[in-house]
Structures are given as structure tokens and as C-alpha cells.
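# Report on the structure
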Amino acid sequence: MKKIFLIPFAILLASCQEEGVLTQDREVVVVTPMSELKYFGTFTPTSGITVDGEAKIYLENGQHKVQLENFTISDGPDLKVYLSKAATPTEFVNLGNLTSQTVYAIPANVTIDDYSHVLIHCQQYNHLFAIAELTQN
């Protein structure tokens, strides 16, 4: 009888995953006065969502960063910040969880000119919350 009780417990332990890169505590990224504004866009909401603010992409020392400025959005679960090739989350780079942090580092291997939008997306329910179409500065 003890074996039957231990099997579900062992399965539970084996199914636990390590904390992924996007859920780990992140290094704080900042935009300094030395940063060069490359792209900008104003967020527009999808149906039933309230959003205000802008997305701005800066370049500093070879590193691109997305900054959310004057940003507010309706509450939602599992919200992510995406750098996307379109106004829909089909080809995108997940920059991380939407938190009180306002600056997100763009990975060095991303060709920034290939991306035209910053999206706020609920990954859990596959629901797009907000879209910022980027314009070159």
C-alpha cells in the first residue's frame, strides 16, 4: 500500500521544472542619457482593454532596449512583453514578464530592423492586450 502512495508523490517531484530564464529574477536594465532613440510607438488596446503609454527602443553601447514610458494597462494574468514582426504574436521575441520594470533588454542576436511592433500579450490565454507599431526615429 505504501508503494501506491509514493508513486504519485514521485511523479509530482519529477514533473517540477527548473525556473526558466524568463521567470528568474532579472538584472535591472536602465536607459541612460547616453542612449540613442531608434524607434518609438504609441500603444493601442485590443477589445475590452485599457492601455496608455509608449514603447521606445534605444541603443546604447551596442545593446538595444525597449522602454515602456508613461505605461498603464488593464490587469491580466501572465502578461508578456513581445518584440514582434507583425501586429499579432506570430513571429516574436519574448522579452519577459510584464512587471513594474519598464526597460527590457533585447537579445544581442536579434536584428532589430526586422521587428515592427511591441506587443503586450497574455501568454496563458493567448490574448493580445496592446499593440505599439514602431516608427523609426
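Calculation notes
- Residues numbered from 1 in each chain as written.
- Predicted model: local features only at pLDDT ≥ 70, side-chain atom pairs only at ≥ 80, totals over all residues.
- Heavy atoms only, no water.
- Helix = DSSP H or I, 4+ residues; strand = E, 2+ residues; numbered from the N terminus.
- Buried < 20%, exposed > 50% of the residue type's maximum accessible area, 1.4 Å probe, protein only.
- pLDDT = per-residue confidence, 0-100.
- Contact = heavy atoms within 4.5 Å.
- Salt bridge = Lys/Arg side-chain N within 4 Å of Asp/Glu carboxyl O.
- Pairing = 2+ DSSP bridges.
- Core = buried A, V, L, I, M, F, W, Y, C linked by side-chain atoms within 4.5 Å.

## Describing unusual backbone geometry
- The phi angle at Asn-61 is positive, at roughly 50°, despite the residue not being glycine.
- Inspection of the secondary structure puts Asn-61 in the loop between strand S2 (51–60) and strand S3 (63–73).
- Under the relative-accessibility criterion, Asn-61 is labelled exposed at 78%.
- We note that Asp-78 has phi near 55°; this positive angle belongs to a residue other than glycine.
- The residue Asp-78 is located in the loop between S3 and strand S4 (79–84) in this model.
- Taking relative accessible area as the criterion, Asp-78 reaches 30% and is therefore assigned partly exposed.

## What to know about the confidence of the model for the protein chain
- When pLDDT is averaged along the protein chain, the result is 84, and 80% of the positions lie at 70 or above.
- Here residues 5–26 is modelled with pLDDT under 50, and outside its nearest four sequence neighbours on either side it reaches 12 contacts, counting other chains as well.

## A word on the pattern of salt bridges
- Under the criterion given, the structure shown has 6 salt bridges.
- Across the pair Lys-80 and Asp-78 runs a salt bridge, and its minimum N-O distance is 3.1 Å.
- Where salt bridges share partners, they join Glu-54, Lys-56 and Glu-69 into one cluster.

## Quick notes on the side chain of Glu-60
- Within the secondary structure layout, Glu-60 lies in strand S2.
- Setting aside anything within four residues of it in sequence, one finds Glu-60 in contact with Val-30, Thr-32, Met-34, Ser-35 and Lys-65.

## So, the pairing of S4
- The element S4 is largely enclosed, with a buried count of 6 among its 6 residues.
- Of the two faces of S4, the one holding Leu-79, Val-81 and Leu-83 and the one holding Lys-80, Tyr-82 and Ser-84 are both buried throughout.
- Where S4 lies against strand S7 (residues 117–122), 6 bridges are found, and the strand directions are antiparallel. Looking at S7, one finds that Lys-80 is bridged to His-121.
- Bridge count for S4 against strand S5 (residues 92–97) is 5 bridges, and the pairing is antiparallel. Opposite Ser-84, over in S5, you have Phe-92 as the bridge partner.

## Overview of the nonpolar core
- Membership of the largest hydrophobic core comes to 28 residues, with the highest contact counts inside it found for Phe-43, Leu-68, Ile-73, Leu-83, Leu-98, Val-118 and Ile-120.
- Within the residue set of this core, elements represented by two or more residues are strand S1 (36–45), S2, S3, S4, S5, S7 and strand S8 (127–133).
- Per-element accounting of this core gives the leading share, 4 residues, to S3.
- Leaving out residues up to four positions away in the same chain, Leu-68 has contacts with Phe-43, Glu-54, Ala-55, Val-81, Leu-98, Thr-102 and Tyr-104.

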